[in-house]
Amino acid sequence: MRAVLPVLGLLGIIGLWWLATIVFAIEPLLVPSPADVVASFLELPGYLLEQALITLWEAVSGFGLSIVIGVPLALLIVGSSVLERMFYPLLVALNAVPKVAIAPIVVVWFGFGISSKVLMVVLVCIFPIVISTASGMRSTPSELVELFRSLDATRTHEFFKLRLWHALPQIFVGLKVSITLAVIGAVIGEFVGADAGLGYVITASGGSADTSLAFAAMALLAIISVTLFYLLTWAERKLVPWSEEHRVL
């Protein structure tokens, strides 16, 4: 049932989309029908899948790097009020700046290769990871901390066996937000400067007025985002079975 309902919802949306193109006689140049999108994909399946893999690699690489940077940074912020006052305003300011405005500068600094796309993903993803990790680490009940200390637990045991495990549900909230933003960050980088990836396909197809191809690329982006999100949800179920968050998904 958990898998059936999303499929039914998707089929309903596709049916309404198809019906709207027929009832309102919408030109395919403006909004192609689902059949037009499928036909466009079937014309270039190998090419589109190749571009999808490029965007997927950029998103996953940037997401992984965001975790490597964001989680230790959150731990430093939680452990030091001085560092918190130093870095929190900078993180908020960085998150507030539109990433589309930063993207051209990133391309100038790092070129048109994968490095600039990965950095864009990091810039988009790191704030939710830092905030959720810091909030999770602070949410450990004080009575549990006192209990651990009364049992002569070391700081290392307190961190790994209490604070980290108690923070995992909150950390996964930030990770699930970030994993979908990772695809957006990769596409932003491809929009500004790239010669490959689904973002590049959308830009190129817009220039040639090939709306069906653009929709096919956007459909692949949606599939990538949903797949990554549910893979992370599956990992949460395995690692954090006591969490309430994943029971509705």
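The residue numbers shown here count from 1 along each chain, following its written sequence. At least 70 in pLDDT is required for a residue's local features to be given in this predicted model, at least 80 for side-chain atom pairs to be given and counted, and no such filter applies to totals for whole chains, interfaces and linings, which use all residues. As a rule here, side-chain values cover all heavy atoms of the structure and leave hydrogens and water aside.

Under the annotation held in an unreviewed UniProt entry, the chain carries the name ABC transporter permease and is attributed to Lentzea pudingi. Turning to the chain, the UniProt annotation filed under Subcellular location (unreviewed entry) states: "Cell membrane". UniProt positions are given in the numbering used here, feature names are shortened, and annotations may be inferred rather than shown by experiment. Checking UniProt for the chain, the heading Sequence similarities (unreviewed entry) contains the comment "Belongs to the binding-protein-dependent transport system permease family."

Throughout this description, the term salt bridge denotes a Lys or Arg side-chain nitrogen within 4 Å of a carboxyl oxygen of Asp or Glu. In this structure the tally under the stated criterion is 1 salt bridge. For the salt bridge of Lys176 with Glu236, the shortest nitrogen-to-oxygen distance reads 2.9 Å. Here Lys176, found in helix 8 (residues 155-192), pairs with Glu236, found in helix 10 (residues 211-239); they are 60 residues apart in sequence, far enough to count as distant. Accessibility classification places Lys176 together with Glu236 in one group, the buried group. Helix numbering and strand numbering both begin at the N terminus, where a helix is a DSSP run of H or I of at least 4 residues and a strand a DSSP run of E of at least 2. Per-residue accessibility, obtained with a 1.4 Å probe over protein chains only, is compared with the maximum for each type, and a residue is labelled buried under 20%, exposed over 50%, and partly exposed between these values.

Before going further, it helps to examine the nonpolar core. Note that soluble globular proteins tend to have their nonpolar side chains buried in a common cluster. Residues enter a nonpolar core if they are buried and are Ala, Val, Leu, Ile, Met, Phe, Trp, Tyr or Cys, with the set joined through side-chain atoms within 4.5 Å. Within the largest apolar cluster, 32 residues are counted, with the highest numbers of intra-cluster contacts made by Phe63, Leu175, Val183 and Leu198. Every element with two or more residues in this core is listed here: helix 3 (45-79), helix 6 (114-138), helix 8, helix 9 (198-207) and helix 10. Sort the elements by how many residues they give to this core and helix 8 lands first, with 10 residues. Contact between two residues is taken to exist if any of their heavy atoms lie within 4.5 Å; hydrogens are not considered. When near neighbours in sequence (up to four residues on either side) are disregarded, Phe63 contacts Val121, Ile129, Leu175, Ser178, Ile179, Ala182 and Leu232. Membership of the second largest hydrophobic core comes to 8 residues, among which are Ile77, Leu91, Ile126 and Ala134.

Next up on the list: the packing of helix 2 (residues 34-43) against helix 3. Viewed as axis vectors pointing N to C, helix 2 and helix 3 meet at an angle of 90°, and their least axial separation amounts to 5 Å. Classified by the interaxial angle, the pair formed by helix 2 and helix 3 is roughly perpendicular. Contact residues: helix 2 offers Ser40, Phe41, Leu42 and Glu43, while helix 3 offers Pro45, Leu48 and Leu49. Its residues assigned to classes, the contact of helix 2 with helix 3 shows 5 nonpolar, 1 polar and 1 charged. Only C-alpha atoms enter the line fits that serve as axes; for helices the fit covers just the stretch in contact. Angles between N-to-C directions range over 0 to 180 degrees. The labels follow the angle: roughly parallel below 35 degrees, roughly antiparallel above 145, roughly perpendicular from 65 to 115, and oblique for the rest. Under the scheme applied, nonpolar residues are Ala, Val, Leu, Ile, Met, Phe, Trp, Tyr, Cys and Pro; charged residues are Asp, Glu, Lys and Arg; polar residues are all the others, including Gly.

To continue, consider the packing of aromatic side chains. The rule is short: rings of Phe, Tyr and Trp, with Trp giving its six-membered ring, pair when the centres are within 6.5 Å, and they are stacked under 30 degrees, edge-to-face over 60, tilted in between. According to the stated counting rule, one finds 2 aromatic pairs in the structure shown. Between Trp17 and Phe215, the ring centres sit 5.9 Å apart and the planes meet at 35°, which makes this aromatic pair tilted. Residue Trp17 is located in helix 1 (residues 4-23), and its partner Phe215 is located in helix 10; the two are separated by 198 residues in the primary sequence. Using a relative accessible area of 26% as the deciding quantity, one classes Trp17 as partly exposed. On the basis of an interplanar angle of 85° and a centroid distance of 5.4 Å, the ring pair of Phe229 and Tyr230 is categorised as edge-to-face.

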